[in-house]
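Here are the chains, one letter per residue:
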Amino acid sequence: MIIRSVEFVTSVADPATPPPSDLPQIAFSGRSNVGKSSLINTMLGRTRTRVAHVSATPGKTQTLNFFRVNDAFLLVDLPGYGYAKVPRTQREGWAALIDGYLRAEWAPRGIVQLIDIRHDPTRDDLAMIERLGALGLPTLIVLTKSDKVGKERRAQATAEVAARLGVDPGQVLPFSARTGEGKEALLEAVEALLGGGEGV
Ligand code: GDP
């Protein structure tokens, strides 16, 4: 897939709000600081003028951010989870927003779930992945910041996470926003999630 255009469309704080168009959606999920905005900007080739911004600080309204890519699909940036210090009400708000979105009639075509390659999946990661499995949403696992570990560890981590989550190792992809490792593979995987026939 070649990225020809990217436009920010809208932010949504209430999951009952229908998406801004009926284009297929691919959502990106992960704990805050996992490298989600860096990954989105790198994947879309937005290294100079970033489209996704560093995640909202605790206390800010959490939103689903919609970007239209190539007039072919909507990339949905889900709010990062797992801040240790957020109040319970905010965590509950996050869960309601994500759950509402994932269960909506306009649920995404697939999810790209991010996990830091240096750490085991957190309890929140596992809960999220379980939820995606229960909802039957096709999920790609991306191990972020792969430049922070050696090549051998990269392969090892991929196998370990696949085994831990019970998924095919082909569904787990190392990625680095710093070196660009995994960028092409990620674009291809997103295309596959979209079904290939969407004219991307
Ligand atoms: P987000 O909160 O998930 O959107 O995470 P960010 O994209 O804002 O990244 C969080 C921190 O990790 C920032 O300091 C980034 O510079 C750093 N980071 C993100 N991706 C990478 C990567 O691929 N390699 C390295 N070395 N650092 C990264």
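The structure contained in this document is the topic of the report that follows. (Residues numbered from 1 in each chain as written. Predicted model: local features only at pLDDT ≥ 70, side-chain atom pairs only at ≥ 80, totals over all residues. Heavy atoms only, no water.)

1. Points about the layout of surface pockets
Under the convention used in this document: In this analysis a 1.4 Å probe is tested at points of a 1 Å grid over the protein atoms alone, and where it fits but cannot get out there is a cavity; an open set with protein on both sides within 12 Å along at least five of seven lines is a pocket; lining residues have an atom within 4 Å of a point. Grid points are joined across faces, edges and corners, and a volume is the space filled by probe spheres set on the points. What counts as a helix is a DSSP run of H or I of at least four residues, what counts as a strand is a run of E of at least two, and both are numbered from the N terminus. Amino acids are sorted into nonpolar (Ala, Val, Leu, Ile, Met, Phe, Trp, Tyr, Cys and Pro), charged (Asp, Glu, Lys and Arg) and polar (every other residue, Gly among them).
One number sums up the size of the second largest pocket: a volume of about 300 Å³. Counting residues per element, the lining of the second largest pocket draws most heavily on helix α3 (residues 123-134), at five residues. Here the residues of the lining of the second largest pocket are counted per class, giving seven nonpolar, four polar and four charged.

2. Comments concerning the sheet that holds strand β3 (residues 64-69)
In plain terms, the rule: For two strands to be treated as a pair, DSSP must find at least two bridges joining them. Helix axes use the C-alpha atoms of the stretch in contact, all axes being lines fitted to C-alpha atoms, and the angles between their N-to-C directions lie in the range 0 to 180 degrees. Residue contacts are defined here by distance: any two heavy atoms, one from each residue, within 4.5 Å place the two residues in contact.
What the seven strands build is an open sheet, ordered β1-β3-β4-β2-β5-β6-β7; its pairing is mixed. Strand pairing shows two members of the sheet lacking a second neighbour, β1 (6-12) and β7 (172-174), which therefore form its edges. Along the sheet, successive strands turn relative to each other by an average axial angle of 25°, direction set aside. The pairing of strand β5 (residues 110-116) with strand β6 (residues 139-144) spans six bridges and is parallel. Bridging across to β6, Asp116 finds its partner in Thr144. Sheet strands touched by helix α2 (residues 88-103): β1, β2 (25-29), β3, β4 (73-77) and β5. Its angle to β3, the strand with the most contacts, is close to 40°.

3. Quick word on the pattern of salt bridges
Where charged atoms of side chains with opposite charge meet at close range, the side chains can pair. For clarity, the threshold we go by: Here, a salt bridge means any Lys or Arg side-chain nitrogen found within 4 Å of an Asp or Glu carboxyl oxygen. Residue exposure (1.4 Å probe, protein chains only): buried if accessible area is under 20% of the type maximum, exposed if over 50%, otherwise partly exposed.
The full count for this structure, using the stated rule, is nine salt bridges. A salt bridge links Arg31 to Asp116, with the nearest nitrogen and oxygen atoms 3.5 Å apart. Separated by 85 residues along the polypeptide, Arg31 in the loop between β2 and α1 (36-43) and Asp116 in strand β5 bring together distant segments of the chain. Here Arg31 and Asp116 have matching classes, each one buried. A salt bridge links Arg68 to Asp71; its shortest N-O distance comes to 4.0 Å. The network of salt bridges with shared partners includes Glu7, Arg68 and Asp71.

4. A word on α3
Because an α-helix packs 3.6 residues into every turn, residues spaced three or four apart end up facing the same way. For clarity, the cut-off: To estimate how far a helix should reach, multiply one less than its number of residues by 1.5 Å. Our arc is simply the arc of the directions from the helix axis toward the C-beta atoms.
For α3, which comprises twelve residues, the first-to-last C-alpha distance of 16 Å matches the rise-based estimate of 16 Å (1.5 Å per residue) to within 8%. Of all the residues in α3, the buried ones are Asp125, Met128, Ile129 and Leu132. Seen from one end, α3 has its buried residues packed into an arc of 95°, which puts them on one side. The exposed residues of α3 that point more than 90 degrees off its buried face are Arg123, Glu130 and Ala134. Buried residues along α3 sit against β2, α2, β5, β6 and α4 (151-165).

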